[in-house]
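Structural characterization, general
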Amino acid sequence: MRIYLTNIKNKPLRSFALCFISFLLSFAVLSGSFMIFSLKNGFSSLEDRLGADIMVVPYEATTKANLSGIVLQGNTGYFYMDEKYYDKIKSLDGIGNISAQFYLASLSSSCCSIPVEIIGIEPESDFTVQPWILKSYGKDLEKMDIVVGNDLNAFVGDTLTFYDMDCSVVAKLDKTGTSMDTTVYTSEETIKELISSSVGKKMNLYDVDPDNVVSCVLIKVAEGYTVDEVLNDINLHVRKVVAVKTDDMITDVQMSLKGTSSVIGILIVALWVLCAVIMIISFAMITNERKREFAIMRVIGASRKKLLSLVMKEAGILIGIGGLLGALLGLLIMVPFRTLIEDLMGLPFLMPGAGSLVGIFVGSFLLSVSAGAISAGISAVRLSRIDAGTVLREGN
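Residues numbered from 1 in each chain as written. Predicted model: local features only at pLDDT ≥ 70, side-chain atom pairs only at ≥ 80, totals over all residues. Heavy atoms only, no water.

Notes on the packing of aromatic side chains
By the definition in use, this model includes seven aromatic pairs. Plain terms: the ring middles of Tyr78 and Tyr80 are 5.9 Å apart, the flat faces sit at 50 degrees to each other, and that makes the pair tilted. Accessibility classification places Tyr78 together with Tyr80 in one group, the buried group. With a centroid separation of 5.5 Å and 75 degrees between ring planes, the pair formed by Phe79 and Tyr103 is classed as edge-to-face. Remark: Tyr103 occurs in strand E3 (residues 95–105) and Phe79 occurs in the loop between helix H4 (67–72) and strand E2 (81–82); sequence separation between them is 24 residues. Given a relative accessible area of 1%, Tyr103 falls into the buried group. One aromatic cluster is present, built from ring pairs that chain together Phe16, Phe20, Phe23 and Phe27. The lysine or arginine in question, Lys90, covers the ring of Tyr86, its NZ or CZ lying 5.2 Å from the ring centre. Stacked on the ring of Phe155, the Lys or Arg Lys172 has its end atom at 4.7 Å from the ring centre. (Phe/Tyr/Trp six-rings, centres within 6.5 Å; stacked < 30°, edge-to-face > 60°. Buried < 20%, exposed > 50% of the residue type's maximum accessible area, 1.4 Å probe, protein only. Helix = DSSP H or I, 4+ residues; strand = E, 2+ residues; numbered from the N terminus. Lys NZ or Arg CZ within 6 Å of the ring centre and 35° of its normal.)

Considerations on unusual backbone geometry
Here Met144, not a glycine, exhibits a phi torsion of approximately 70 degrees, which is positive. As for its placement among the helices and strands, Met144 is situated in the loop between helix H6 (130–136) and strand E5 (145–148). Even without being a glycine, Lys202 presents a positive backbone phi close to 60 degrees. Residue placement: Lys202 occurs in the loop between helix H7 (188–200) and strand E9 (213–214).

Some points on the environment of Gly363
Secondary-structure assignment places Gly363 in helix H14 (residues 354–384). Owing to a relative accessible area of 28%, Gly363 belongs among the partly exposed residues under this scheme. In sequence terms Gly363 and Val29 are 334 residues apart; their C-alpha atoms lie 8.5 Å from each other.

Section: the environment of Asn212
With respect to the helices and strands, Asn212 occurs in the loop between H7 and E9. Judged by its relative accessible area of 37%, Asn212 is partly exposed. Spatially, the C-alpha atoms of Asn212 and Lys192 are 9.7 Å apart, while their sequence positions differ by 20 residues. Look past the residues within four positions of Asn212 in its chain and what remains in contact with it is Met81, Asp82 and Glu83. (Contact = heavy atoms within 4.5 Å.)

A short note on the pairing of strand E10 (residues 216–221)
Burial runs high along E10: five of the six residues are buried. Relative to E10, strand E1 (residues 54–58) is paired through three bridges, and the arrangement is antiparallel. Pairing of Met55 across the sheet is with Leu218, part of E10. The sheet contact formed by E3 and E10 spans six bridges and is antiparallel. Opposite Ile95, over in E10, you have Val221 as the bridge partner. (Pairing = 2+ DSSP bridges.)

Brief notes about a nonpolar patch on the surface
Residues Leu329, Leu332, Ile333, Phe337, Leu340 and Leu344 make up a contiguous nonpolar surface patch of about 590 Å² in total accessible area. Only helix H12 (304–334) and helix H13 (338–345) provide two or more residues apiece to the nonpolar patch. Ranked by the residues each element gives to the nonpolar patch, the list is headed by H12, at three residues. Relative to the helices and strands, Leu329 is located in helix H12. (Patch = residues over 30% accessible without salt bridge, like charges linked within 9 Å, V, L, I, M, F, W, Y side chains within 5 Å. Areas by Shrake-Rupley, 256 points an atom, 1.4 Å probe, with all protein chains shown as cover. Salt bridge = Lys/Arg side-chain N within 4 Å of Asp/Glu carboxyl O.)

This is the structure we're talking about:
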């Protein structure tokens, strides 16, 4: 081991360059893989979050409000339609699970603790949000109880005020990488109280009776029916509402995800090839530089196998250190700053679990080491084939 370390120490610039290339490759592979996995996890979480085949909203919601932004990105906004449309939709054929939701946005004023999207659900019929709430809380929500998203600066036991009404935080949702992380959820009973207060204070854009309105209707199509059949039936027979497929709503997000993941994947492959080429060139230069050294070793009895072992072990030390440091730094940057990355990308972003992180770490390290091993192997074979006599006679 001493001879390997001595050779590395005697050529600090050469050693640093090889170590840095391996470091850079490992860091880039881990960072890119982390982002791809997080984007895919976030999109899967988004699909689970929607959970419905069809969403029905008042017609004006599709013309005046950013429906996709409210539903998918958690932008603050709200709209209402008469409850009679909900009842009419329930009577149509092909309706499997159906549930109403109620939207309200708080304000940046003294009446509200924080500006946030508030969504009320029907606990007995909801099939999209209730499973997430039960996972984090395990109980039914009482009047004025709320559940907060993971990214909100509120915790169990806190009291948040909306339109001068105090609400108790009873649970904090697990991280989903979606709009759920910045949203407040509550029961139908509580949201109607909040809507009534906002209307009474003249802080609501709509002068509505909260007991007679809903914001949207979520539908899971019954077995034996197609989504298009039910959707067309709703749009044909129920006036002043629009039924949209949730798949269509997430198409833009899906395309952005595929595009971003493809670009990251291409960059990872391109960087791997580039670093491998640089390593091959570097080792070729080193091979030429060390011809005389290895020729002398051959003359004094070192075997070809010994020369191969020497080159590979020196390279292994440098590449291993660089790859390990690169992967470690990648984790130390990507994990703490994942929320910032999510905000900058504007896409669903959910960090992989511990098992996946270990797999990404090991995979990044191995990819970096493999590029170096291939490069070192090519050079080692060339060195082992030198003719010692010819090299020494040439004075090289």
